[in-house]
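# Structural characterization, general
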There are 4 protein chains.
Amino acid sequence: MSGSTFGKLFRITTWGESHGPGIGVVIDGCPAGLPLCEEDIQRFLDRRRPGQSRYTTKRNEADAVEILSGVFEGKTTGTPISLLVRNQDQRSRDYGNIASLFRPGHADYPFTEKYGFRDYRGGGRSSGRETIGRVAAGAVAAKMLEELGITVRAYTRSIGPFHIPDEKVDLSQVGKNSLYMPDCATAEKAGEYIASLMAEKDSCGGIVECIADGLPAGLGETVFDKLDALLAQAVMSIGAVKGVEFGDGFAAAASTGSQNNDPFFSEDGVISKKSNHAGGVLGGMSDGSRLVLRAAVKPTSSIARTQQTVSVTGDNSEITVHGRHDPVIVPRAVVVVESMTAVTIADLLLQNMTANMDHVRKVYL
Amino acid sequence: MSGSTFGKLFRITTWGESHGPGIGVVIDGCPAGLPLCEEDIQRFLDRRRPGQSRYTTKRNEADAVEILSGVFEGKTTGTPISLLVRNQDQRSRDYGNIASLFRPGHADYPFTEKYGFRDYRGGGRSSGRETIGRVAAGAVAAKMLEELGITVRAYTRSIGPFHIPDEKVDLSQVGKNSLYMPDCATAEKAGEYIASLMAEKDSCGGIVECIADGLPAGLGETVFDKLDALLAQAVMSIGAVKGVEFGDGFAAAASTGSQNNDPFFSEDGVISKKSNHAGGVLGGMSDGSRLVLRAAVKPTSSIARTQQTVSVTGDNSEITVHGRHDPVIVPRAVVVVESMTAVTIADLLLQNMTANMDHVRKVYL
Amino acid sequence: MSGSTFGKLFRITTWGESHGPGIGVVIDGCPAGLPLCEEDIQRFLDRRRPGQSRYTTKRNEADAVEILSGVFEGKTTGTPISLLVRNQDQRSRDYGNIASLFRPGHADYPFTEKYGFRDYRGGGRSSGRETIGRVAAGAVAAKMLEELGITVRAYTRSIGPFHIPDEKVDLSQVGKNSLYMPDCATAEKAGEYIASLMAEKDSCGGIVECIADGLPAGLGETVFDKLDALLAQAVMSIGAVKGVEFGDGFAAAASTGSQNNDPFFSEDGVISKKSNHAGGVLGGMSDGSRLVLRAAVKPTSSIARTQQTVSVTGDNSEITVHGRHDPVIVPRAVVVVESMTAVTIADLLLQNMTANMDHVRKVYL
Amino acid sequence: MSGSTFGKLFRITTWGESHGPGIGVVIDGCPAGLPLCEEDIQRFLDRRRPGQSRYTTKRNEADAVEILSGVFEGKTTGTPISLLVRNQDQRSRDYGNIASLFRPGHADYPFTEKYGFRDYRGGGRSSGRETIGRVAAGAVAAKMLEELGITVRAYTRSIGPFHIPDEKVDLSQVGKNSLYMPDCATAEKAGEYIASLMAEKDSCGGIVECIADGLPAGLGETVFDKLDALLAQAVMSIGAVKGVEFGDGFAAAASTGSQNNDPFFSEDGVISKKSNHAGGVLGGMSDGSRLVLRAAVKPTSSIARTQQTVSVTGDNSEITVHGRHDPVIVPRAVVVVESMTAVTIADLLLQNMTANMDHVRKVYL
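Computed from a predicted structure; not experimentally measured.

Before going further, it helps to examine the overall build of chain A. When you go through chain A residue by residue, the secondary structure sums to 9 helices and 18 strands. A globule of 365 residues ought to have a C-alpha radius of gyration of about 21 Å, and chain A, at 21 Å, matches this closely. Overall, the C-alpha framework of chain A stretches about 65 × 50 × 40 Å when taken along its three principal axes. Within the span of chain A, comprising 365 residues, buried residues form 68% of the whole. Within chain A, contacts between residues at least 6 apart in sequence are counted, and of these 70% link residues at least 24 apart. Of the roughly 10800 Å² of accessible surface on chain A, a fraction of 48% belongs to carbon and sulfur atoms. Positive and negative side-chain charges of chain A, numbering 39 and 43 respectively, have mean locations separated by a distance of 3 Å.

Moving on: the interface of chain B and chain A. Between chain B and chain A, the residue contacts involve 104 residues of the former and 104 residues of the latter. Across the interface of chain B and chain A, roughly 8000 Å² is buried in total on both sides, 59% from carbon and sulfur atoms. Broken down residue by residue, the surface that chain B buries against chain A is led by B:Lys114, B:Phe224 and B:Lys242, which jointly contribute 11%. Counting across the chain B and chain A interface gives 2 salt bridges. One salt bridge in this structure joins B:Glu221 and A:Lys114, with 3.0 Å as the shortest N-O distance.

If you rotate chain B by 180° and push it 0.0 Å along the axis, it lands on chain A with an RMSD of 0.0 Å. Within this description, the copies of the chain are treated as partners about a two-fold rotation axis. Closest approach to the rotation axis within chain B is made by the C-alpha atom of B:Gln233, at a distance of 2.4 Å.

So, about the nonpolar core. Nonpolar side chains in soluble globular proteins tend to end up buried together. The biggest cluster of nonpolar side chains holds 347 residues, and the ones touching the most others in it are A:Phe10 and B:Phe10. For A:Phe10, the residues in contact, after removing those within four places along its chain, are A:Ile27, A:Asp28, A:Cys30, A:Ala137, A:Val140, A:Ala141, A:Met144, A:Val343, A:Ala346, A:Asp347 and A:Leu350.

Below, the discussion takes up the relation of the copies chain B and chain D. You can overlay chain B on chain D at an RMSD of 0.0 Å; the transform is a turn of 180° with a shift of 0.0 Å along its axis. Most of the interface of chain B is mirrored in chain D, where 100% of its interface residues again form contacts.

Our focus in this paragraph is the environment of B:Lys226. Relative to the helices and strands, B:Lys226 is located in the loop between strand 10 (206-213) and helix 6 (227-236). B:Lys226 gets classed as buried once you look at its relative accessible area, which sits at 4%. For B:Lys226 and B:Met285, which are 59 residues apart along the polypeptide, the C-alpha to C-alpha distance reads 6.2 Å. Each residue touching B:Lys226, except ones within four places of it in the same chain, is listed here: A:Arg134, A:Met236, A:Ser237, A:Gly239, B:Gly220, B:Glu221, B:Gly283 and B:Gly284.

All right, on to helix 1 (residues 38-48) of chain D then. If you check which residues of helix 1 of chain D are buried, you get D:Asp40, D:Ile41, D:Gln42, D:Phe44, D:Leu45 and D:Arg48. Buried residues in helix 1 of chain D make contact with strand 4 (65-67), strand 7 (81-86), helix 4 (131-147) and helix 8 (330-352) of chain D.

As a further point, take the sheet that holds strand 9 (residues 162-163) of chain B. The pairing of strands in a sheet comes from backbone hydrogen bonds and takes either a parallel or an antiparallel form. The strand order across the open sheet built from 10 strands is 9(A)-8(A)-10(A)-16(A)-11(A)-11(B)-16(B)-10(B)-8(B)-9(B), with neighbouring strands paired in antiparallel fashion. For this open sheet the edge positions go to strand 9 (162-163) of chain A together with strand 9 of chain B, each flanked by a neighbour on one side alone. In the sheet, strand 8 (residues 151-159) of chain B pairs with strand 9 of chain B via 2 bridges, with the strands oriented antiparallel. Looking at strand 9 of chain B, one finds that B:Ser158 is bridged to B:His163. Contacts from helix 6 (residues 227-236) of chain A reach strand 11 (241-246) and strand 16 (291-297) of chain A together with strand 11 (241-246) of chain B, with the element oriented near 160° to strand 11 of chain A.

All names here are of chain A. Taken as a whole and judged by the stated rule, the model has 101 salt bridges over all chains. The shortest N-O distance in the salt bridge between Arg43 and Asp40 comes to 3.4 Å. Of the two residues, Arg43 and Asp40 both sit in helix 1 (residues 38-48), 3 residues apart, roughly one turn of that helix. With a relative accessible area of 47%, Arg43 lands in the partly exposed category. Among the charged side chains, a network of salt bridges with common partners joins Arg157, Asp166, Glu209, Glu245 and Arg294.

This paragraph deals with helix 8 of chain D. Its 23 residues place the ends of helix 8 of chain D 32 Å apart at the C-alpha level, agreeing with the 33 Å of an ideal helix rising 1.5 Å per residue. Counting buried residues along helix 8 of chain D, 23 of its 23 residues qualify, which places the element largely inside the surrounding structure.

Strand order in this open sheet of 10 strands is 9(C)-8(C)-10(C)-16(C)-11(C)-11(D)-16(D)-10(D)-8(D)-9(D), and the pairing throughout is antiparallel. One side of each edge strand has no neighbouring strand; the edge strands of this open sheet are strand 9 (162-163) of chain C together with strand 9 (162-163) of chain D. Contacting strand 8 (151-159), strand 10 (206-213) and strand 16 (291-297) of chain C, helix 8 (residues 330-352) of chain C runs over the sheet at an angle of about 145° to strand 8 of chain C.

The next thing to look at is the confidence of the model for chain A. Averaged over chain A, the pLDDT score is 94; the fraction of residues at 70 or greater is 94%. Two summary scores accompany this predicted model of the complex, namely pTM at 0.97 and ipTM at 0.96.

Let us now look at the interface of chain B and chain D. Facing 44 residues of chain B, the contacting portion of chain D comprises 44 residues. Roughly 3300 Å² is buried in total at the junction of chain B and chain D, and carbon and sulfur atoms are behind 61% of that figure. There are 2 salt bridges connecting chain B and chain D. Inspection of the chain B/chain D interface yields 12 residue pairs in polar contact (both at pLDDT 80 or more). Secondary structure elements with two or more residues in the side of chain B that touches chain D: strand 2 (11-16), strand 3 (22-28), strand 4 (65-67), strand 6 (75-76), strand 7 (81-86) and helix 3 (108-115) of chain B. The element contributing the most residues to the side of chain B that touches chain D is strand 2 of chain B, with 5 residues.

Attention shifts here to the pairing of strand 13 (residues 270-273) of chain D. Residues and elements named next belong to chain D. Summarising the sheet, strand 12 (residues 264-267) and strand 13 pair through 4 bridges and their orientation is antiparallel. The partner of Phe264 across the bridge, within strand 13, is Lys273. The turn joining strand 12 and strand 13, which pair antiparallel and follow one another in sequence, is formed by 2 residues; a positive phi near 50° is taken by Asp268.

Even without glycine at this site, C:Lys201 takes up a positive phi of about 55°. Tracing the sequence through the fold places C:Lys201 in the loop between helix 5 (184-199) and strand 10.

Our focus in this paragraph is the environment of D:Thr5. Along the chain, D:Thr5 falls in strand 1 (residues 5-6). Along the backbone, D:Thr5 and D:Gly323 are 318 residues apart, and their C-alpha atoms lie at a distance of 31 Å. Those residues within four positions of D:Thr5 in sequence are excluded, and the remaining contacts are B:Arg11, B:Asp28, C:Phe224, D:Arg11, D:Ile12 and D:Thr13. Here the side chain of D:Thr5 touches D:Thr13 through a polar contact of 2.9 Å, side chain to side chain.

Okay, the packing of aromatic side chains next. We describe a pair of aromatic rings using the distance from one ring centre to the other and the angle between the two ring planes. In total, this model carries 30 aromatic pairs over all chains according to the counting rule given. Ring geometry for A:Phe102 against A:Tyr109: centres 5.3 Å apart, planes inclined by 70°, an arrangement best described as edge-to-face. By relative accessible area, A:Tyr109 is classed as buried at 8%. Seen in terms of ring centroids, C:Phe6 and D:Phe224 are 5.6 Å apart; in terms of plane orientation they differ by 40°. Their pairing is tilted. You can see C:Phe6 sitting in strand 1 (residues 5-6) and its partner D:Phe224 sitting in the loop between strand 10 (206-213) and helix 6 (227-236), one on each of two chains. Among the residues examined, C:Phe6 registers a relative accessible area of 5% and is labelled buried.

For the rest of this paragraph, the subject is the packing of helix 1 of chain D against helix 8 of chain D. Residues and elements named next belong to chain D. Across the interface, helix 1 lies against helix 8 with an axial gap of 7 Å and an inter-helix angle of 140°. Between helix 1 and helix 8, the interaxial angle falls into the category oblique. For the pair helix 1 and helix 8, the contacting residues are Phe44, Arg47 and Arg48 in the first and Arg332, Val334, Val335, Glu338 and Ser339 in the second. Within the contact of helix 1 with helix 8, the residues separate by chemical class into 3 nonpolar, 1 polar and 4 charged.

A separate point is the pairing of strand 7 of chain D. Residues and elements named next belong to chain D. Within strand 7, 5 of the 6 residues are buried, leaving the element largely enclosed by the surrounding structure. Sheet topology note: the strand 3 (residues 22-28)/strand 7 ladder contains 6 bridges and is antiparallel. Bridge pairing in strand 7 places Val26 opposite Ser82. With 3 bridges joining them, strand 4 and strand 7 adopt antiparallel strand pairing. Considered in strand 7, the bridge of Ile67 is made with Leu83.

About the cut-offs
- Residues numbered from 1 in each chain as written.
- Chains lettered and ligands numbered in written order.
- Predicted model: local features only at pLDDT ≥ 70, side-chain atom pairs only at ≥ 80, totals over all residues.
- Heavy atoms only, no water.
- Helix = DSSP H or I, 4+ residues; strand = E, 2+ residues; numbered from the N terminus.
- Rg over C-alpha atoms; globule rule 2.2 N^0.38 Å.
- Buried < 20%, exposed > 50% of the residue type's maximum accessible area, 1.4 Å probe, protein only.
- Contact = heavy atoms within 4.5 Å.
- Areas by Shrake-Rupley, 256 points an atom, 1.4 Å probe, with all protein chains shown as cover.
- Lys, Arg positive; Asp, Glu negative; His and termini not counted.
- Charge placed at Lys NZ, Arg CZ, Asp CG, Glu CD.
- Buried area = accessible area lost by both parts, 1.4 Å probe.
- Salt bridge = Lys/Arg side-chain N within 4 Å of Asp/Glu carboxyl O.
- Least-squares fit on C-alpha atoms with pLDDT ≥ 70 in both.
- Core = buried A, V, L, I, M, F, W, Y, C linked by side-chain atoms within 4.5 Å.
- Pairing = 2+ DSSP bridges.
- Axes fitted to C-alpha atoms, helices over the stretch in contact; angles between N-to-C directions.
- Expected span 1.5 Å × (residues − 1).
- pLDDT = per-residue confidence, 0-100.
- Polar contact = N/O pair within 3.5 Å; in protein donor to acceptor, adjacent residues only side chain to side chain.
- Phe/Tyr/Trp six-rings, centres within 6.5 Å; stacked < 30°, edge-to-face > 60°.
- Parallel < 35°, antiparallel > 145°, perpendicular 65-115°, else oblique.
- Nonpolar A, V, L, I, M, F, W, Y, C, P; charged D, E, K, R; others polar.

As structure tokens, this is what we get:
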């Protein structure tokens, strides 16, 4: 698995298993001179921490971050920033069942096929705790973007069948419900739905939407490393994500050119678009409008119902996954999507600095 | 733009503009000893060639490929394979209009913002002709996969609002209609729809579906370079794609865990799944089932209707895009999606060779 | 500084400053199923540890390594191996002098020009302690190579003007003197020389030689990622190294083709060479003979003599570098050169697995 | 062989074999807006062209370059620059001898071991003609550096035993002799020496020195991607190079700290060094002084004398290498070393743009 690094210039390398000593990330390429402290990062980590509402696992981890390198006297030094979160709640228990059976919906089977065996404790590297490194890195990226006037925000757009239509989206409500939805009324209904699924030992999924404002036009490299292509990789690489779309996304496939094209117009010397079906990306580059992406998150795979499966020795069997599991991981995925988006934008922002000789001359001449 | 390379071990680097001398690709890392000739590649290129039906542009290019390196006596040598397609139909004409205006839905505006100016002839690097390099590389990847019993096939799943439901998908019909749809009846209706849009100087989009069979379980690296994450990048990086999903994709977000989990079962010593909501990917790795992905393709941006836009000097203006343009690019995107899928799988297949010491010992001891 | 990662498949990312909380490395891409424990790594770290002889600094660090991830039940899992060494001896002292002056021979000046400021405590990221991560990774690489019958050994070939000629090299003596020289007689003279320099507040350099046995022919990629090219990067990237050569190296430049070419011969079906002027590398690939490289290590830059320099404010000044400094770092550099060589070979060994279709078929068919 | 790409932001990918249709390079990441025409590149290629003096092969190739992409109206567009040189002089001849025997000093044996077979015509990918792509890319890099006041120059410092001491180096003489030596008197003696070797069917090597002026302090990434480390890779990756050193290089290993350290001083607000034993690199970064590197080039391996070798079937045999071969390749290697140095500096110059927030703000705020 040499695929634990993401980014070309703002590069993050995550490591760590669910039940090992800890989880962490090394950020290499963060420019020097950015103010940074542990609190900046902790704030992000606290948003993904379990045990915060009745819809998240009871596992109670402080998930306290330690900056091991790369910061001196409150500023980044330009050297790798190593961040460590110790695993605390590794309560010893019997993993026998999970050790010998492949859980449906989980990485157990292909992981074993790939590596020959697996760390069966809590999903090992494929655990949701892997996202701790992503979120810690996202906090640093967001800090850098903030300095340049760029903000990235994610929230829950739908839970199971409960979807918030455009006209009801009110970002000021995101912080007012534990599902991080921009509409408290929908959040309430969604909460009831989740409660009913919990009673049935079932789970659900949802859609996370992420927006970014303040992007200069031109971010993104024009062939394989397009803004939307790298964001698609970044977001699809989050455990339970099964789909990613930009702007009108799949709906655009059923539209027409005359409806889907966003006309440009100019006002007071500023070029804008009259609509944003494109979600802020044209030809793989930011177009100056709001970036809009959505990620489809599948229902939590760990459910307490008995399911049919196969053992590591190839025998048909049944499995009942016990333990602490979120009936829906969407609310905790919100900050992960936001983090991966911030990391991707930060990287492309640095890459874009070398796009033309005018930029080069600004720095050196 | 240092983003013209894709892949870690099976690496492709594309180059070329719509109206420059040619278009090409360098494939570095194709294993030695693979039988390969120009005809293998030409067959793929012919599938994306314009001028083949009434729904594609009249631009008549032979798009004949020349192998410039990396093949000796009919086999790959392990050295870079350089492929060249000369642009032939560069009919001289007046680009004045396009040179001075930003076409809605196109890369013109962000491209100019990024680089300071642009090659305005036919979209330059952001032209659809950029995909020639992808398809040529895809042909080589497909040849390698074929040797290992892996097949990749793409087709048109929907055109505008005309979608083929699961029960009507018949892959044997794909080659029997010019839209590459696995249901000739839907294809006929879609054809009429396209004709009506052409009359209205409008365009439409659609959905390309791609499947891969024969993948061993375990392909894909488990964090950022997951099979689905890299495929998402690969496919989203194709010009007009606005969304990518795997298996049930966005529909999974509205499902429940008990419905969405695919139970494993064992028969005659072979482990399989009873359903395939996951689309063949678990934890970012192939799970031995059929890989299923879908790409949402937006409507062609170039339409002959008059649209509002802005000039490069920032003045409000109108634009009418003349020239030869496909009313729908979906049929031609089919082979591009298939090619990017093949390239991604080929790369991950090579990466996976080093996953465990058993593989290492098989090669060296 | 996004340059803290080395390797394409066996990838190491180091982090940490001399006087921060710790130093470490993340190894991504080590194949699963390799037996590994902390003792394997500690053994290597102990070889570079200070305070072991009168020629090394008195700084007494245990440099105890902790495996934070990637190992389960005594074997690598295929996931990133994160290794941490806490800095223990961070004795608080007055850095005022070094903080405000640029030390000759050190990175202080260009570091400040690059990043705008620097962590002046003990060299920060440019400290010799940065090599801890390299050595920890080297231990893991060496463990893997050992499984495949490949051994890498480094030793001190010369100290200042005291050079061991070919005919006196006796590898069995390397472990019998604290300078790690393959000739105890030369080591004794070198020791006296070092003592005399210490008395004069001066320092010296030397040459580290590294050999690798058991390499299969064909390792190394044939253009930019040649075996010798990547080893040159790997070894030149070690702090004080100013030159790298293979086989006869610079002496080859004064030789003739008839002398320098190594004739091949065959015996009992095994192809070998009658001489090894090439140092085991032909066309950038291993040729089956012993790999031989040498690294020129400059004299320790930190000397207690007063030197002329400039302050961070640009004023001419004098500096006397106090503190604990090795009069010669060559003996401690031995294990670092060995480690970087092992890491590079491990990476190229994995890369070479995908060189031809026969290898691919061995793994998959 | 996925190792045909060099550089992170200014990335070059070379391709092509000696006797295939052509040789070329794709440069991805050159900033937009750099004036560039074919003549800029041809000038560099003409310097490495064979047939220019009695010491180089008689093979008479025009080596005319064609720009296939990435330049529009005389300026780079920011998209990949594809450069093609057709092989013209592919005179058909009998390669039987070389096809079945491994030439001493050549890549034939390890190449065959690696890939299973080889293109035996003129060395295939391991031919000296592979450097055409490097030189074409070097011309573009040099053009960019020139805009920023940076010049890179290489020349022959020694031929066989004929070495030019520091006090005789006169750069104005480099262009006045066909060996590109900065001392015509030594060049004359070296020429006689080469003539005598030609009479004996033998060959010789030499040392190329390369200097760069005008580098800002701070170029180079501080751990693995140090300026000297990447230059070592870049230069060692040139076919016949067996050693690389910076500043005093191997001589520094025999020096002392008090002699080897370069004192800083300040004059009129400019910080400089009183000496340059370091060759312009401190801690892996440029220090504002002249960059000085040397490459040891081995004697030409192709000699007309009969040599002992082994056949591809493993039988002992003799070989006499006929054909057109340089008795010394050093003069033609000069522009290759210069090109690789320019490419490396160009890449690190772009990377360095993102080193600190001040640079970021200069571009975006």
